[in-house]
Amino acid sequence: MKRLTLVILLIVAAMLFPGRSASAQANDFASSINLENLGRIAVFGDGRLKSFGSHANSMMDAISGPKRINGQEAAYTYLDLLFRPEAYRDADIIYIKNRQVRESIATVLEKQPRFGADIGERMATFRKTGLISPMLLGDQTLLGLFHQLEADLIKTAKQMDAIKSAQVVCDPRFLLNRLRIVPPGSGSMDEPWHGIDEVMFVAGKTSAPSSFQMLAQQRPPLTDIDLALQANIADAWRALVNAWTNVDANGVNAATASLAELLPKVAPDLYPNQNRLEWEQWYFVKDQLTRTWIVYMFSLVLLLIGFVYRWKPAFALGCLVFAGAFALQTFALLLRWYISGRWPNANMFEAVTTSAWFGGCGAIVIEWLVRKTTMRSLFLIGSAATSMVALMTVHFLPAYLNPNISNMMPVLHDIWLYIHTNVIIFSYVLIFMAAITAGLYLVWRVFGGGPAFARAGGAGAVVLAGVGPSSIAGSAPKVSFGEVLDGVTMVLMELSFVLLWAGIAMGAIWADHSWGRPWGWDPKEVFALNTFLVFLVLVHIRLKVKDKGLWTALLAVVGAGVMLFNWIVINFVITGLHSYA
């Protein structure tokens, strides 16, 4: 038992925190750069102060999407694009998500013989990965095609906007301009931060390469910052440029350390806590701890073995691994809260991960209440499966679920919004967990299970004491597998039904506060109501039909489908007032 536990923990640790790739290790310069120094530098962008690593992550997301260029960290690639742009001119770094647009571009370019004999192979790789070089994308033969794609407002215009943005962002002049790393000397939060290009020409001990001086216009020194401090910052920046272009890792590390020490001196009271900046850098380097899905997968396997074979050691170990996964998920959630300064529920990435965390909280509480019943472990199984799917989704689909931290829209700063959103996403995760046990029930019926259903129990029986011996919430020995699954589905369905109704009502109150009307038939409002109506039908059908377990399972799965349609299609395809959620 102890040996198995040790092996599992070692495997999980290796997968959660993998070493650098072989290609990265082969690049001595890249692997020798100390990113921790960069992590202590604050950048003002998108209306908030963030670590340099977080800033670089958002900029690289606009260029390469979910792909890592040469396996490099975003912070390294940002500076390399800035200091050595010629190395990336014909490198495949711009990501195009739309497969139709990829195919159209590839068809045009592979007909151009001037690109050499390997253009066919490059286009085949482009079709697969979506990555193409700025040089190929800027070829004049594509202009006519781009005009056609821009005209198709439904299918391809949005992708063309993304391509234009990527071409702008990978320009070193843009990258330099967005480095707002010098706080205002006044120390006022109302004053804008200065870009490093505003101080890098202040006279000092060193000078930058002439090629780099072409990226910005020389300006006089700033009037709100001590001239000597400006000169020291300028020297440190120029030392960074020179060391990077000379491939001097030690010089780069010394220069970034100097910058991290000098910049807070401009306005010590205004500069963000460097501990928070370092944690933000670490959070993004570790992929927001989304690899925790691996730990949940291990816990799911062990819990299923323990439940199916009634093997107590597997159940105990599954609970232990689940606790570890939930602890990691809780740490990631609290860390994001600490970094952003707000509860994480402002975008789809945060809604999905926070919803899964709510599911874990609910599962732990319910498991404690039913620990002596035949329903034991099924709530943990549902939560483990849900969190695994949620974290896999955000890990493997960052192009759709952007992990970058942004400020909330002003209309969202309302106490009813916080209550409404959290109640709704809590109901959604319980709906998904109910669909899991309902799916297991349907599989059981397909493989010969009879028309079993829970004759008593449900959420009320879990909360209240004194259930009878025939209740699935009790410990009757003759309860069938189908009755147990149906009972768990009913518990989750009833809880989600109440929460969904409460969430819709609170959303109406918030809408009345924010938009002056409680209901506007927005697509997301309509499909949230549709989900509620499905479960309302389920409640009434269960009272009338004979095969209660089958109809409950079918409608639970249908309700989850409507909920997912509301969360996925409404958010990504149909535009409405809730498109940010």
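Scroll up to find the structure this text is about.
Scoring rules and cut-offs
- Residues numbered from 1 in each chain as written.
- Predicted model: local features only at pLDDT ≥ 70, side-chain atom pairs only at ≥ 80, totals over all residues.
- Heavy atoms only, no water.
- Phe/Tyr/Trp six-rings, centres within 6.5 Å; stacked < 30°, edge-to-face > 60°.
- Helix = DSSP H or I, 4+ residues; strand = E, 2+ residues; numbered from the N terminus.
- Buried < 20%, exposed > 50% of the residue type's maximum accessible area, 1.4 Å probe, protein only.
- Axes fitted to C-alpha atoms, helices over the stretch in contact; angles between N-to-C directions.
- Parallel < 35°, antiparallel > 145°, perpendicular 65-115°, else oblique.
- Contact = heavy atoms within 4.5 Å.
- Salt bridge = Lys/Arg side-chain N within 4 Å of Asp/Glu carboxyl O.
- Left-handed = near helix turned anticlockwise from the far one by under 90°.
- Expected span 1.5 Å × (residues − 1).
- Polar contact = N/O pair within 3.5 Å; in protein donor to acceptor, adjacent residues only side chain to side chain.

Description of the packing of aromatic side chains
The description of an aromatic ring pair rests on the distance of the ring centres and on the angle between the ring planes.
And then number 1: Applying the stated criterion to the full structure yields 25 aromatic pairs.
And then number 2: On the basis of an interplanar angle of 35° and a centroid distance of 5.8 Å, the ring pair of Trp193 and Tyr271 is categorised as tilted. Taken together, the residues span a long stretch of sequence, with Trp193 in the loop between helix H12 (172-177) and helix H13 (210-213) and Tyr271 in the loop between helix H15 (249-266) and helix H16 (274-285) at a distance of 78 residues.
And then number 3: Take Tyr271: its relative accessible area is 7%, and that puts it in the buried class.
And then number 4: Between the aromatic rings of Phe322 and Phe326, the centroid separation amounts to 6.4 Å while the plane-to-plane angle is 5°, which identifies the pairing as stacked. Placement of both Phe322 and Phe326 in helix H18 (residues 312-340) is noted, with a separation of four residues, approximately one turn of the helix. Residue Phe322 shares its accessibility class with Phe326, and that shared class is buried.
And then number 5: Among the aromatic side chains, those forming a connected cluster through ring pairs are Tyr296, Phe322, Phe326, Trp337, Trp343, Trp357, Phe358 and Phe426.

Some words on the packing of helix H5 (residues 52-64) against helix H6 (residues 74-83)
And then number 1: Where H5 meets H6, the axes come as close as 8 Å, and the angle between the chain directions of the two elements is 70°. When the interaxial angle is binned, H5 and H6 end up roughly perpendicular. Each of Phe52, Gly53, His55, Ala56, Asn57, Met59, Met60 and Ile63 in H5 lies in contact with H6, whose residues at this interface are Ala74, Ala75, Thr77, Tyr78, Leu79 and Leu81.

Looking at the pattern of salt bridges
And then number 1: In the structure shown here, the tally under the stated rule is 23 salt bridges.
And then number 2: Ionic pairing is found between Arg40 and Glu278, a salt bridge with its closest N-O pair at 3.8 Å. Within this pair, whereas Arg40 is found in the loop between helix H4 (35-39) and strand E1 (42-45), its partner Glu278 is found in helix H16, the two being separated by 238 residues in sequence.
And then number 3: Overall, the relative accessible area of 35% leaves Glu278 in the partly exposed class.
And then number 4: The partner of Asp486 in a salt bridge is Arg542, with the nearest N and O atoms 2.7 Å apart. One end of the pair, Asp486, is in helix H23 (residues 481-515); the other, Arg542, is in helix H24 (residues 523-544), with 56 residues separating them in the sequence. Here Asp486 and Arg542 have matching classes, each one buried.
And then number 5: Salt bridges sharing partners connect three or more residues here, namely Arg68, Glu73, Asp287 and Arg291.

Some details on the packing of helix H21 (residues 415-446) against helix H25 (residues 548-572)
And then number 1: In contact at an axis separation of 8 Å, H21 and H25 are set at 140° when each is read in the N-to-C sense. As judged from the angle between their axes, H21 and H25 are oblique. Judged by the sense of rotation from one axis to the other, the crossing of H21 with H25 is left-handed. Along its contact with H21, which presents Ile425, Tyr428, Ile431, Phe432, Ala435, Ala438, Gly439, Tyr441, Leu442 and Arg445, the element H25 presents Gly549, Leu550, Ala553, Leu554, Ala556, Val557, Gly559, Ala560, Met563, Leu564, Asn566 and Trp567.

Re H15
And then number 1: Here H15 spans 27 Å end to end across 18 residues, near enough to the 26 Å set by a 1.5 Å rise per residue.
And then number 2: Where H15 is buried, its residues contact helix H3 (28-32), H4, helix H14 (227-245) and H16.
And then number 3: Near the N-terminus of H15, the side chain that reaches the backbone nitrogen of Asn250, with its oxygen 3.4 Å away, is that of Asp248.

Looking at helix H20 (residues 378-396)
Think of an α-helix as turning once every 3.6 residues; residues three or four places apart then point the same way.
And then number 1: The first and last C-alpha atoms of H20 sit 27 Å apart over 19 residues, in line with the 27 Å expected at 1.5 Å per residue.
And then number 2: Counted residue by residue, H20 has 15 buried out of 19 residues, so it is predominantly covered.

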